[in-house]
2 protein chains.
Amino acid sequence: MIKERLEKLRALMEREGLDAYLILTEDFHGSEYVGGYFKCRKYMSGFTGSAGSLLVMKDMAGLWTDGRYFLQAEQELAGTGITLFKIQQEGVPKLSEFLVDKLADGGKLGFDGRAVNYKTAQLFQKVFEKKGKKITFVSDKDLVGEIWDDRPALSAEPVMLLDLSCTGKSRADKLAEIRKAMEEKKADYFVLSSLDDIAWLLNIRGRDVACSPVVLSYLAMTQESVTLFINEKTLSDEVRAALAADGVAFAPYNAVYDYVKEVPEGKSLYVDERKTNYAVMMNRREGVKLLTGNNLTLLPKCIKNETEVENERKVHIRDGVAVTKLIYWLKKNVGKIEMSELSVADKFEELRGEQEHYMGPSFEPIVGYEEHGAIVHYSATKETNVPIAPKGLLLMDTGGQYLEGTTDITRTVALGEVTQEEKEAFTLVLRGNLNLAAAKFKAGVCGANLDYLARFPMWEQGLDYSHGTGHGVGCFLNVHEGPINIHYRVREKERTTYTEFAEGMVVSDEPGLYFAGKFGIRTENLIVCKKAQKTEYGQFLEFETLTMVPIDLDVVLVEKMSTRERELLNAYHKKVYETIAPHLDEEEAAWLKEATRAV
Amino acid sequence: MIKERLEKLRALMEREGLDAYLILTEDFHGSEYVGGYFKCRKYMSGFTGSAGSLLVMKDMAGLWTDGRYFLQAEQELAGTGITLFKIQQEGVPKLSEFLVDKLADGGKLGFDGRAVNYKTAQLFQKVFEKKGKKITFVSDKDLVGEIWDDRPALSAEPVMLLDLSCTGKSRADKLAEIRKAMEEKKADYFVLSSLDDIAWLLNIRGRDVACSPVVLSYLAMTQESVTLFINEKTLSDEVRAALAADGVAFAPYNAVYDYVKEVPEGKSLYVDERKTNYAVMMNRREGVKLLTGNNLTLLPKCIKNETEVENERKVHIRDGVAVTKLIYWLKKNVGKIEMSELSVADKFEELRGEQEHYMGPSFEPIVGYEEHGAIVHYSATKETNVPIAPKGLLLMDTGGQYLEGTTDITRTVALGEVTQEEKEAFTLVLRGNLNLAAAKFKAGVCGANLDYLARFPMWEQGLDYSHGTGHGVGCFLNVHEGPINIHYRVREKERTTYTEFAEGMVVSDEPGLYFAGKFGIRTENLIVCKKAQKTEYGQFLEFETLTMVPIDLDVVLVEKMSTRERELLNAYHKKVYETIAPHLDEEEAAWLKEATRAV
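What you are looking at is a predicted structure, and each value in this text was computed from that prediction instead of being measured.

Some remarks on the overall build of chain A
Across its full length, chain A carries 19 helices and 28 strands. Rg of the C-alpha trace for chain A: 25 Å, near the compact-globule value of 25 Å for 599 residues, within the 12% margin. Judged by the C-alpha coordinates and their principal axes, chain A covers about 70 × 55 × 50 Å. Buried residues in chain A amount to 60% of all 599 residues. For chain A, contacts bridging at least 24 residues in sequence account for 68% of all contacts bridging at least 6. When the accessible surface of chain A is summed, it comes to about 24,300 Å², and 49% of that surface belongs to carbon and sulfur atoms. A gap of 4 Å separates the mean positions of the 76 positive and 92 negative side-chain charges of chain A.

Side note on the sheet that holds strand 15 (residues 358-361) of chain A
Residues and elements named next belong to chain A. The strand order 15-18-19 describes an open sheet built from three strands, whose pairing is antiparallel. Two strands close off the open sheet at either side, each with one partner strand: strand 15 and strand 19 (405-406). Judged from the three bridges that link them, strand 15 and strand 18 (residues 400-402) form a sheet pairing that is antiparallel. Bridge assignment links Pro-361 to a residue of strand 18, and that residue is Gly-400. Lying on the sheet, helix 15 (residues 341-353) is in contact with strand 15 and strand 18; it crosses strand 15 at an angle near 165°.

A look at the relation of the copies chain B and chain A
Turning chain B through 180° and shifting it by 0.0 Å along the axis lays it on chain A, with an RMSD of 0.1 Å. What the rotation and shift describe, once combined, is the action of a two-fold rotation axis. Residue Asn449(B) of chain B places its C-alpha closer to the rotation axis than any other residue of that unit, at 2.3 Å. The fraction of interface residues of chain B whose copies in chain A are also interface residues reaches 100%, indicating that both copies meet through the same surface.

Concerning helix 19 (residues 586-595) of chain A
Residue pairs spaced three or four apart in an α-helix point in one direction, given the helix's 3.6 residues per turn. Residue and element names in this part refer to chain A. All buried positions along helix 19 are accounted for by Glu-588, Ala-589, Trp-591, Leu-592 and Ala-595. All buried residues of helix 19 lie within an arc of 160° about the axis, which places them on one face of the element. Structurally, helix 19 contributes buried residues whose contacts are with helix 14 (306-333) and helix 18 (563-580). Where helix 19 begins, the side chain of Asp-585 points an oxygen toward the backbone nitrogen of Glu-587, at a separation of 3.2 Å.

Some details on the state of the cysteines
Residue and element names in this part refer to chain B. Overall, the coordinates contain zero disulfides over all chains when judged by the stated rule. With no disulfide of its own, Cys-166 lies closest to Cys-475 among cysteine sulfurs, the gap being 8.1 Å. Left unpaired, Cys-529 is separated from the closest cysteine sulfur, that of Cys-302, by 9.8 Å. With a relative accessible area of 1%, Cys-529 lands in the buried category.

Structural notes on helix 1 (residues 2-16) of chain B
All names here are of chain B. A rise of 1.5 Å per residue sets the reference length of helix 1, with its 15 residues, at 21 Å; its end C-alpha atoms lie 21 Å apart and thus fit the reference within 8%. Inspection of helix 1 places Ile-2, Arg-5, Leu-6, Leu-9, Arg-10, Leu-12 and Met-13 among the buried residues, and these make up the whole buried set. Taken end-on, helix 1 shows its buried residues confined to a sector of 165°, consistent with a single buried face. Residues Glu-4 and Glu-14 are exposed on helix 1 and point more than 90 degrees away from its buried face. Contact partners of the buried residues in helix 1: strand 1 (20-23), helix 2 (40-45), strand 2 (53-57), strand 3 (61-65) and helix 6 (143-147). Following helix 1 by one or two positions, Gly-17 adopts a phi angle in the positive range, close to 70°.

A few points about the packing of aromatic side chains
The tally for this structure, following the rule as stated, stands at 58 aromatic pairs over all chains. Relative to Tyr37(B), the ring of Phe28(B) lies with its centre 6.4 Å away and its plane at 90°, an arrangement referred to as edge-to-face. Exposure remark for Phe28(B): the relative accessible area of 3% places this residue in the buried category. Three or more aromatic residues link up through ring pairs in this structure, and these residues are Phe28(A), Tyr37(A), Phe38(A), Tyr218(A), Tyr253(A) and Tyr257(A). Over the ring of Phe250(A) we find Arg240(A), and its NZ or CZ is 5.0 Å from the ring centre. Cation over ring: Arg455(B) sits above Tyr465(B), and NZ or CZ is 4.0 Å from the ring centre.

A few points about unusual backbone geometry
The peptide bond linking Gly482(A) to Pro483(A) adopts the cis configuration, its omega dihedral lying at -5°. Its location among the elements puts Pro483(A) in the loop between strand 22 (470-471) and strand 23 (485-486). A positive phi angle, close to 45°, is found at Phe476(A), a residue other than glycine. Take Phe476(A): it is sitting in the loop between strand 22 and strand 23. The class for Phe476(A) is buried, based on a relative accessible area of 2%. Here the phi dihedral of Gln88(B) falls at roughly 65°; this positive angle occurs in a residue that is not glycine. Tracing the sequence through the fold places Gln88(B) in the loop between strand 4 (83-86) and helix 4 (95-102). The exposure class of Gln88(B) is exposed, given its relative accessible area of 78%.

Looking at the interface of chain B and chain A
Contacts between chain B and chain A engage 29 residues on the former and 29 residues on the latter. Buried surface at the junction of chain B and chain A, both sides included, amounts to about 2,700 Å², of which 57% is carbon and sulfur. For the interface between chain B and chain A, the tally reads four salt bridges. The residue Asp464(B) makes a salt bridge to Lys442(A) at a minimum N-O spacing of 2.6 Å. Applying the counting criterion to the chain B and chain A interface returns 14 residue pairs in polar contact (both at pLDDT 80 or more). Sorting the residues of the side of chain B that touches chain A by element identifies strand 21 (440-442), helix 17 (447-459), strand 25 (512-515) and strand 27 (525-535) of chain B as the ones contributing at least two each. The leading source of residues in the side of chain B that touches chain A is helix 17 of chain B, at six residues.

Some remarks on the sheet that holds strand 14 (residues 289-292) of chain B
Residues and elements named next belong to chain B. Spatially, the six strands line up as an open sheet ordered 12-11-10-8-13-14, and their pairing is mixed. Only two strands of the sheet have a single partner each, and these edge strands are strand 12 (248-251) and strand 14. The sheet shows a mean angle of 25° between the axes of neighbouring strands, taken without regard to direction. This element, helix 8 (residues 171-185), spans strand 8 (189-192), strand 10 (218-221), strand 11 (226-229), strand 13 (268-271) and strand 14 of the sheet and lies at about 60° to strand 10. Running over the sheet, helix 10 (residues 237-245) touches strand 11 and strand 12 and is turned about 125° from strand 12.

Quick word on the pattern of salt bridges
Residues and elements named next belong to chain B. In the structure shown here, the tally under the stated rule is 92 salt bridges over all chains. Its salt-bridge partner being Lys-531, residue Glu-503 comes within 3.8 Å of it at the nearest N-O pair. Taken together, the positions of Glu-503 in the loop between strand 23 (485-486) and strand 24 (506-509) and Lys-531 in strand 27 put the pair 28 residues apart, joining distant regions of the chain. In this structure Glu-503 comes out as partly exposed when scored by relative accessible area, which is 39%.

A word on the confidence of the model for chain A
Overall, the predicted model of chain A reaches an average pLDDT of 96, with 99% of residues at or above 70. Predicted complex, confidence summary: ipTM 0.93, pTM 0.94.

Considering the nonpolar core
With 168 residues, the main nonpolar core has Phe441(A), Phe501(A), Phe441(B) and Phe501(B) as its most contacted residues. When sequence neighbours within four positions are dropped, the list of residues in contact with Phe501(A) reads Phe441(A), Val445(A), Cys446(A), Gly447(A), Leu450(A), Ile484(A), Ile486(A), Val507(A), Cys529(A), Leu541(A) and Phe543(A). Judged by nonpolar contacts, the second largest core, of 90 residues, contains Leu24(A), Trp200(A), Ile204(A) and Leu296(A).

Section: the pairing of strand 20 (residues 409-414) of chain B
All names here are of chain B. Counting buried residues along strand 20, six of its six residues qualify, which places the element largely inside the surrounding structure. Of the two faces of strand 20, the one lined by Ile-409, Arg-411 and Val-413 and the one lined by Thr-410, Thr-412 and Ala-414 are each fully buried. Relative to strand 20, strand 17 (residues 393-398) runs antiparallel, the two being bridged by six bridges. In the sheet register, Met-396 faces strand 20, and the bridge partner there is Arg-411.

What counts, and where the lines are drawn
- Residues numbered from 1 in each chain as written.
- Chains lettered and ligands numbered in written order.
- Predicted model: local features only at pLDDT ≥ 70, side-chain atom pairs only at ≥ 80, totals over all residues.
- Heavy atoms only, no water.
- Helix = DSSP H or I, 4+ residues; strand = E, 2+ residues; numbered from the N terminus.
- Rg over C-alpha atoms; globule rule 2.2 N^0.38 Å.
- Buried < 20%, exposed > 50% of the residue type's maximum accessible area, 1.4 Å probe, protein only.
- Contact = heavy atoms within 4.5 Å.
- Areas by Shrake-Rupley, 256 points an atom, 1.4 Å probe, with all protein chains shown as cover.
- Lys, Arg positive; Asp, Glu negative; His and termini not counted.
- Charge placed at Lys NZ, Arg CZ, Asp CG, Glu CD.
- Pairing = 2+ DSSP bridges.
- Axes fitted to C-alpha atoms, helices over the stretch in contact; angles between N-to-C directions.
- Least-squares fit on C-alpha atoms with pLDDT ≥ 70 in both.
- Arc of directions from axis to C-beta.
- Polar contact = N/O pair within 3.5 Å; in protein donor to acceptor, adjacent residues only side chain to side chain.
- Disulfide = S-S within 2.5 Å.
- Expected span 1.5 Å × (residues − 1).
- Phe/Tyr/Trp six-rings, centres within 6.5 Å; stacked < 30°, edge-to-face > 60°.
- Lys NZ or Arg CZ within 6 Å of the ring centre and 35° of its normal.
- Buried area = accessible area lost by both parts, 1.4 Å probe.
- Salt bridge = Lys/Arg side-chain N within 4 Å of Asp/Glu carboxyl O.
- pLDDT = per-residue confidence, 0-100.
- Core = buried A, V, L, I, M, F, W, Y, C linked by side-chain atoms within 4.5 Å.

As structure tokens, this is what we get:
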């Protein structure tokens, strides 16, 4: 079947005179999760992982993917004739390097310019230039679309309005704020492609993308106009009227390309070229003055206003109740009733579903038992699912979308006996988590300045985790939201590396330790940045922990913690008990009392 | 007198058709300290501060300087007709802004292109461009030189060779290493202007600049040749022969400008444009391919080899003996014999002078008593000097040059009774110093990742210090040596912000607290980066403290330190005692025993 599809594609490539055709994993908006319509790479290769790039040429087809998916890709590609290229393995060329070697000077490379990020295309161009090869990009053909008969339709879920009590800032105020920013940047036009930015700006939400409550659309604005490019069927009269009242006009989803073409020469166009697809960027006229930088919505969206922060606190109580109940249920029933990774994930959904305004998971739940906990991006499938017994550790990284906010929490829980090694690792992770949350610092500090606080307990032992310590989190929006982040790496070329903390930013605090084949540990809370005192030396900032769920004392080696770390743990547990207990039944509350005892 | 000089300059400006003439504080090499020949700004304005820019126009003359020098500049400029522009004060225009406002379109700005950094000139150019003004730079005239009759000659001190036992790497090996780097960069020519880089590369030292044992020169190299542009009178036959043996040819100091002019079109020229003057840069032909980046010598110089690190350890014993003796002398004699800030500085020189291979101070000593300690860049003069009494705190930041290394140490010492406030501040600073020195981290970490360790005790109290936490230090070279540094700021446009720690880098660890009009505290040690264990997670690194001088326990509030901090202090003091005591007389050793007691 895959072979047939590839042959069909090759026929179309010949028709178009293309030497190579590239199929990445993106939708038209650079979303982290993509809808069925966009899963061209999966359709053409059979590979179902969340990351991978397919290259098709006359005499070869290759799929590039990373370490998380080597095994899975090998299985899924078997018999397709597609070669697996294992990214970052010795002797394996990068896709761009492979291409520049294989393509002849004057060759033609095809791809759907809407489904390729502009920066990615530029990177290819640079590699070609460096090798002195002239390669033409043909980016206006969606060849997979011509082959794919039963392609799912573009999602067209109804759009909902988000109330001021949720957003804390009206659409009109947000539009005025962005227009002011445009003025400062001397931007006549601002084109926005990232779906969470559009949803934030217009105070709308949708269901077009799994886990992210966003609406498939583009947006363009000037000082006078706002145009939302969208399937108008998704708009009820009420929604349409509300948006129109704030001056929003509507145009078909794909009309954004014509809109960009019509930006007059001499005018300036502001875009975040890292968040915009190649087709949008290339459609601009030559005489248009291009201004690039972070989306003007990026920081205002990241800095939650008082209403949003207050809502996040409330949402975290609901989510805390659900997760606390789950841990209690788990501890009480493990070994007595049948449980598996998948059934625990279902239990999360059930318990969160009982909470007010729960809208669904904020990402695919990670429930990893024993050695599965060591697989950082593990998500149980029917094939990998294992039963859970009353022993060892269960790592659970899950989150919920609520009308008023988004949660993301990881707890690693003992289901029975645990080893000294497990306890030691757990305590290191906990110490990192606590120390970061207790940071107090001056305005001007960014994530790279604080990462050490989460890592040093591990580093002192020669241990480490290979993921970031923290990511920004949206407010009833994307669970991974830029630009704020916590990582020691200072990437010279990434603008978001330099984002300074500001009051209202919500980030995760999630150190971990992973021992392949044995067990994994992660402890994750969301924390919100708040103002501390202001002195003659400047404004000081600190964090407040939003997540309200006990940390399993059964795995803590109290004697390996400093006095201060113990105090931090006890203060946190005290607050968890006071906040969550009133929402539990008597038996649960009694258990929580013990689970949050001072140590 | 100043007025006369300015009138003479204006006459020359008229002769050259210049609308403005700019005199900065730099020598031709961007050195931190400059020789008498280069002190044009001082000669023309009478202002003696270490930082300041003089602008002369037909109808005005203005001096821009920073907060350290407002008072001094006001006094020194009185009666000269020169307006003082206080940098970063409200309503005060930047020099570039002032210039762009005052100069007419088509105007001519003159300066000595050798004494202006290329990046500085570029910055002016950008400001002019932004305002749409076409300003011509006339950079080939040293007008001050025409006026300045009794100008000191260019320094021409004899050049000395540094032995392999000091450098740990031969000249030939260093040249080969840099040639390899040139090959990698595809650089046909490499022109080096920074004096410490030249001294490092050729294993030579000199006395042309105060405090920095460097040689006034430029260097240019290709795969085949090395040319040292230097006053040949400074070369003895022995030095000349040794350099020639490694293929070094000699040319007159100013011949570098002709050399750059002769770099053939089509060839590539590598320079650090931030460390090169405007004249060198502008002399290149248009067809020369310019490659820019950090000087190829920068990292190899910064990463001390095993011999250098071992030498630094030895030098720090000698320096530690001198400074320990000084503190003992101070504590014993204060109130009994006459002392002043200046006489204490002299005592440092005397005691260091007794040490083997002492070559002089590594920077102008800072000895600040009581409120003078709060002036970060204070250096006592005859006018500011105060007598020292047996009470309060004395801050002493001094350093020495030795044949085998460079030291930089700050101790703040109680001379009698000190207040609770002073003790509290002292303890915060000490905690910062100890915590940073005890860091353990993974390779890939840079200074911005660790700065929090030195600052958090202050930040937790809403306090801060406005300087960096650490700077790199040369090996018998500049006491401020890039690129490694420790500061929380991540400056997007500064290449050195991203410098990762590596084994052999020597940096200072110098948190402080300053209370204007009251007292200042700084505790500074030099630390060297070393490899810790290597695990499957990567190479880990840690610091070893080089400085061996007791920290004044009379000002420490032990109860405000954590158990770990106390352990760190005790371990340090134990090592200080064991290392230094054998070099003291009985009385001194007995005192040191007590001064380094466990707390």
